[in-house]
Amino acid sequence: MAEDSEQQDSAQLSISEQLSSDYHTVFRDKDLIEPDTIVDEDRIVGRDEQLTKVINVIKPALHGDQPEDMLLRGPSGTGKTLIAGTVATKAIKIAQERDIRMDFVEINGKHKKSEHEAIHQIVHEYELSLGLNLTSKAGVSTSSRYDRLFEIVNEHLDIGVIVLDELDLLVGDSRNNDEAPAFSDILYKLSRAKRIGKMDSTITLIVTTNSPNTLMSGLNSRTASTFNPTEVGFADYNAPELQEILNHRQDAFHEGTLEEEVIPYTAAIAAQGEGDARFAIDLLREAGNIANRREDQSVSTAHAEAAKNQVEKNYIIDVIENVSFQKQVSLFATAIVNSYGQEQLGRSEWLNERSAPAPVAHSLYKWFTEYNGIEQRSKHSFLRWMRELSTYEVIEINRKGRGNERGVFAEYVFHNLSADVMVETLADKDERFQATLDDDDNLVRETVRTHLSRF
Ligand SMILES: Nc1ncnc2c1ncn2[C@@H]1O[C@H](COP(=O)(O)OP(=O)(O)OP(=O)(O)O)[C@@H](O)[C@H]1O
Ligand SMILES: [Mg+2]
């Protein structure tokens, strides 16, 4: 009844009346808790040791000397990008006062498919920032892009700082095993340019990574000998630290709209997980969004609890969208086994509706790569990628027995995000997935059924 009368009320109001009616929001300045905001120094909590190290490395630039390259390493959301961005921004201000031409650009390896794309972005960012003509996106070779970069730095800057965020994720496309990943080539070319004195001006690299081992072991020997960064480590935050970080953002909300327990509660949830400040901030923002959607006057722990599911889902979707294509194919194959095989899985004694058995998932991987003419990698690689996806909590891996001495097998469980949503996400992301489903939905279904019944 209440809903009916609400609908009637709004039906009687004109569009303009509805648009201009009262708008209630719990946010005073939402920017403070948006993911990419580089906040002011007074909102940075702790991290003194890391700040000091980064400052000391950058400092020579302000005296006409060349700074070392840096590697900021540590888990997600521990302040690496924040510290790099804040120190670089402050350094540029001081450089300006001293007539030193300094500028910094930042690119994220997660969002770049190739070395070519990454260098284009760096050039583009410098061109924008320095007010230069923009190089077109198409028809320019990778090596001309490097030349353009060196030219820009030489002519317009004394020092160019390049932040290469999450660089380990920039592996490039369809590489075979013995080729070095794209990030190795980039580091080689950028760090070599300054060594061989090709330039009067200089480039300093600040690399951030969640997985320093992947990065350093992915460098081929020539890169390893030119790229020798000063390393700075960042550890997870504990609950009191996260609480402090959130306390310094409270004014994102109107006074009195954030109930007292929300920050401690949110900090505790984030600390139980990974100690990730981004997760804590995302939770707080999403809790506010939920309160707004429900037209509640204040944000409570119930909103934070609801936000948790939403934020976790978004994180998994983000991982799925950004892992390499081969990992996406492996996951797609696994997800269609569950999505199309639900009934059979539900009827089986040793399988369950939320899972897909690894041997069947691998058969579907082989089928999918053959059907689409995509490079097929070994079973060993498939299993390794699925293990990696389980460490990101995209899926869970269980060991199962079939009884009657018929052996054990691994099953992939869709614990945090359903297989259907994964199939949908991947189909949106890459047309090869969508095309297979569009081509012949029945063929996919039949293939899944056949492999499941043989298992
Ligand atoms: N010490 C801190 N004080 C205040 N805010 C912080 C602090 N550490 C992190 N944050 C905030 O947490 C969020 C995540 O931090 P940041 O982006 O720097 O993480 P990161 O280490 O670069 O993570 P990733 O490896 O995932 O890129 C940002 O919104 C940042 O402002
Ligand atoms: Mg970062």
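Small disclaimer: the values here were computed from a predicted structure and weren't measured.

1. Structural notes on the domain arrangement of the protein
Split into domains, the protein comes out as domain 1 (48-233), domain 2 (237-319) and domain 3 (323-454). If you average the C-alpha positions of domain 2 and of domain 3, the two centres end up 33 Å apart. On the domain 3 side, the residues contacting the five residues of domain 2 number eight residues. Between domain 2 and domain 3, a total of about 610 Å² is buried, with carbon and sulfur atoms accounting for 76% of that surface.

2. Re the side chain of threonine 86
Tracing the chain through its elements places threonine 86 in helix H4 (residues 80-97). Judged by its relative accessible area of 8%, threonine 86 falls in the buried class. Every residue in contact with threonine 86, bar those within four places of it in the chain, is listed here: Ile38, Val39 and Ile44.

3. Focus: the nonpolar core
Ranked by internal contacts, the top residues of the largest apolar core, which has 45 residues, are Leu331, Ile395 and Met422. Of all the secondary structure elements, the ones that give two or more residues to this core are helix H13 (301-322), helix H14 (325-347), helix H15 (358-372), helix H16 (379-391), strand E8 (408-413), helix H17 (419-429), helix H18 (431-439) and helix H19 (441-454). A per-element tally of this core places H14 first, with ten residues. Ignoring any residue separated from it by four or fewer positions in sequence, one finds isoleucine 395 in contact with Leu331, Met386, Leu389, Ser390, Tyr412, Val413, Phe414 and Met422. By size, the runner-up hydrophobic cluster in this structure holds 31 residues, among which are Tyr126, Leu132, Ala182 and Leu190.

4. Notes on a negative patch on the surface
Taken together, the side chains of Asp236, Glu274, Glu393 and Glu396 define an acidic patch exposed on the protein surface. Here glutamate 396 is to be found in strand E7 (residues 396-401). Residue glutamate 396 is classed as partly exposed on the basis of its relative accessible area of 32%.

5. A few points about the pattern of salt bridges
Summed over the entire model, instances satisfying the criterion amount to 18 salt bridges. In this structure, the salt-bridge partner of arginine 101 is aspartate 158, at a minimum N-O distance of 3.2 Å. Taken together, the positions of arginine 101 in the loop between H4 and strand E2 (102-108) and aspartate 158 in the loop between helix H6 (142-156) and strand E3 (159-165) put the pair 57 residues apart, joining distant regions of the chain. Two residues, lysine 189 and glutamate 115, come together in a salt bridge whose shortest N-O distance is 2.7 Å.

6. Considerations on the packing of H14 against H18
Where H14 contacts H18, the axes come no closer than 11 Å and their chain directions differ by 30 degrees. Here H18 runs roughly parallel to H14, going by the angle between their axes. In this structure, H14 meets H18 at a crossing whose hand is right-handed. Residues Phe325, Gln328, Val329, Phe332 and Tyr340 of H14 form the contact with H18, whose participating residues are Arg432, Phe433 and Leu437. Here the contact of H14 with H18 is built from residues that sort into six nonpolar, one polar and one charged.

7. Observations regarding the sheet that holds E7
The antiparallel open sheet is built from three strands, whose spatial order is E6-E8-E7. The open sheet terminates on both sides in strands that have one partner only, identified here as strand E6 (355-357) and E7. Each adjacent strand pair in this sheet contributes to an overall mean axis angle of 35 degrees, direction not counted. Across the sheet, H15 is in contact with E6 and E8; its angle to E8 comes to roughly 70 degrees.

What counts, and where the lines are drawn
Residues numbered from 1 in each chain as written. Chains lettered and ligands numbered in written order. Predicted model: local features only at pLDDT ≥ 70, side-chain atom pairs only at ≥ 80, totals over all residues. Heavy atoms only, no water. Domains from an automatic or database assignment. Contact = heavy atoms within 4.5 Å. Buried area = accessible area lost by both parts, 1.4 Å probe. Helix = DSSP H or I, 4+ residues; strand = E, 2+ residues; numbered from the N terminus. Buried < 20%, exposed > 50% of the residue type's maximum accessible area, 1.4 Å probe, protein only. Core = buried A, V, L, I, M, F, W, Y, C linked by side-chain atoms within 4.5 Å. Patch = residues over 30% accessible without salt bridge, like charges linked within 9 Å, V, L, I, M, F, W, Y side chains within 5 Å. Areas by Shrake-Rupley, 256 points an atom, 1.4 Å probe, with all protein chains shown as cover. Salt bridge = Lys/Arg side-chain N within 4 Å of Asp/Glu carboxyl O. Lys, Arg positive; Asp, Glu negative; His and termini not counted. Charge placed at Lys NZ, Arg CZ, Asp CG, Glu CD. Axes fitted to C-alpha atoms, helices over the stretch in contact; angles between N-to-C directions. Parallel < 35°, antiparallel > 145°, perpendicular 65-115°, else oblique. Left-handed = near helix turned anticlockwise from the far one by under 90°. Nonpolar A, V, L, I, M, F, W, Y, C, P; charged D, E, K, R; others polar. Pairing = 2+ DSSP bridges.

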